[in-house]
Amino acid sequence: MTDFLRLKPDLSHVNGYGGALPTTIIQGSETCPARVARDHAGSARLAPEKGVARPKTAVRQAGEPRMAAFLADRAERYPGQVVAGGAG
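Quick caveat: nothing in here was measured; it's all calculated off a predicted structure.

Calculation rules
Within every chain, residues take consecutive numbers counted from 1 along the sequence as written. Under the rules for a predicted model, residues below a pLDDT of 70 receive no local features and side-chain atom pairs below 80 are neither given nor counted, while totals for whole chains, interfaces and linings still include all residues. Side-chain measures here rest on the full set of heavy atoms in the structure, leaving out hydrogens and waters. Helix and strand definitions here come from DSSP, where helices need a minimum of 4 consecutive H or I residues and strands a minimum of 2 consecutive E residues; each element is numbered from the N-terminal end. Only the C-alpha atoms count toward the radius of gyration. The rule for a globule is 2.2 Å times the residue count to the power 0.38. Only protein chains enter the accessibility calculation, which uses a 1.4 Å probe; a residue whose area is less than 20% of its type maximum is buried, one above 50% is exposed, and one in between is partly exposed. Here, two residues are considered to be in contact whenever any of their heavy atoms come within 4.5 Å of each other. Each accessible area value is a Shrake-Rupley result obtained with a 1.4 Å probe; residue values ignore everything except the protein chains displayed when judging cover. Where helices are involved, their axes are fitted lines through C-alpha atoms of the stretch in contact, as for all axes, and angles between N-to-C directions lie from 0 to 180°. Working definition: roughly parallel below 35 degrees, roughly antiparallel above 145 degrees, roughly perpendicular at 65 to 115 degrees, and oblique for all remaining angles. Crossing handedness is defined as follows: a turn of the near helix away from the far one that is anticlockwise and smaller than a right angle gives a left-handed crossing, while the clockwise case is right-handed. When residues are sorted by character, Ala, Val, Leu, Ile, Met, Phe, Trp, Tyr, Cys and Pro go into the nonpolar class, Asp, Glu, Lys and Arg into the charged class, and all the rest, Gly among them, into the polar class. Between Lys or Arg on one side and Asp or Glu on the other, a salt bridge is scored when a side-chain nitrogen of the former is within 4 Å of a carboxyl oxygen of the latter. Note on scores: pLDDT gives the predictor's confidence for each residue, bounded by 0 and 100.

(A) Fine view of the overall build of the protein chain. When helices and strands are counted, the protein chain shows five helices and two strands. Starting at the N terminus and walking to the C terminus, you meet the elements of the protein chain as α-α-α-β-α-α-β. For 88 residues, the compact-globule estimate of 2.2 N^0.38 gives 12 Å, and the C-alpha radius of gyration of the protein chain, at 12 Å, lies within 12% of that figure. Each of the three principal axes of the protein chain carries a C-alpha extent, and together these read 30 × 25 × 25 Å. Relative to its full complement of 88 residues, the protein chain shows a buried share of 35%. A sequence separation of at least 24 residues applies to 65% of the contacts in the protein chain between residues at least 6 apart. Accessible area of the protein chain: about 5700 Å², with a carbon and sulfur share of 53%.

(B) Representation of the packing of helix H3 (residues 40-49) against helix H5 (residues 65-77). Across the interface, H3 lies against H5 with an axial gap of 10 Å and an inter-helix angle of 25 degrees. Our classification of the angle between H3 and H5 gives roughly parallel. The element H3 and its partner H5 pack so that their crossing is right-handed. On H5, the residues that touch His40, Ala41, Ala44, Arg45 and Glu49 of H3 are Met67, Phe70, Leu71 and Arg74. Broken down by class, the residue content of the contact of H3 with H5 amounts to five nonpolar, one polar and three charged.

(C) Local environment of the pattern of salt bridges. Considering all chains together, one arrives at three salt bridges under this definition. Among the ionic pairs, aspartate 3 bridges to arginine 6, the shortest N-O distance being 2.4 Å. Here aspartate 3 and its partner arginine 6 are both found in helix H1 (residues 2-6), three residues apart, which amounts to about one turn of the helix. Of the two residues examined, aspartate 3 and arginine 6, each falls in the exposed class. Note that aspartate 73 is salt-bridged to arginine 77, the shortest N-O span being 3.2 Å. Placement of both aspartate 73 and arginine 77 in helix H5 is noted, with a separation of four residues, approximately one turn of the helix. Taking the relative accessible area as the measure of exposure, aspartate 73 reaches 35% and is therefore partly exposed.

(D) Inspection of the confidence of the model for the protein chain at higher detail. Per-residue confidence for the protein chain averages 87 on the pLDDT scale, and 95% of its residues sit at or above 70. Of all helices and strands in the protein chain, the one with the weakest mean pLDDT is H1 (80), whereas H5 scores best (92).

Below, the structure written as structure tokens:
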């Protein structure tokens with residue numbers, strides 16, 4: 001994610017399916033062929049530090065148990081990073 005952020009991407013981009021960075025990270029944790037070697041939790045931790053709010057629905061969207069637990073813990077510890085609406 002750090003290399004990606006060096007490119008100065010539009011972190012508010014919503015893709016053609018209605019997803020934004022949080023759901024892209026969640027989906028990657030479930031479907032990326034190299035997901036075992038990737039740090040999706042690190043990306044999910046870094047995104048809010050860069051101003052990307054996490055939708056309240058993110059925990060329910062996460063099908064990978066470790067990601068769901070990570071997101072639930074972060075939502076409880078940092079409620080200011082969670083928003084009710086918005087693209088996930």
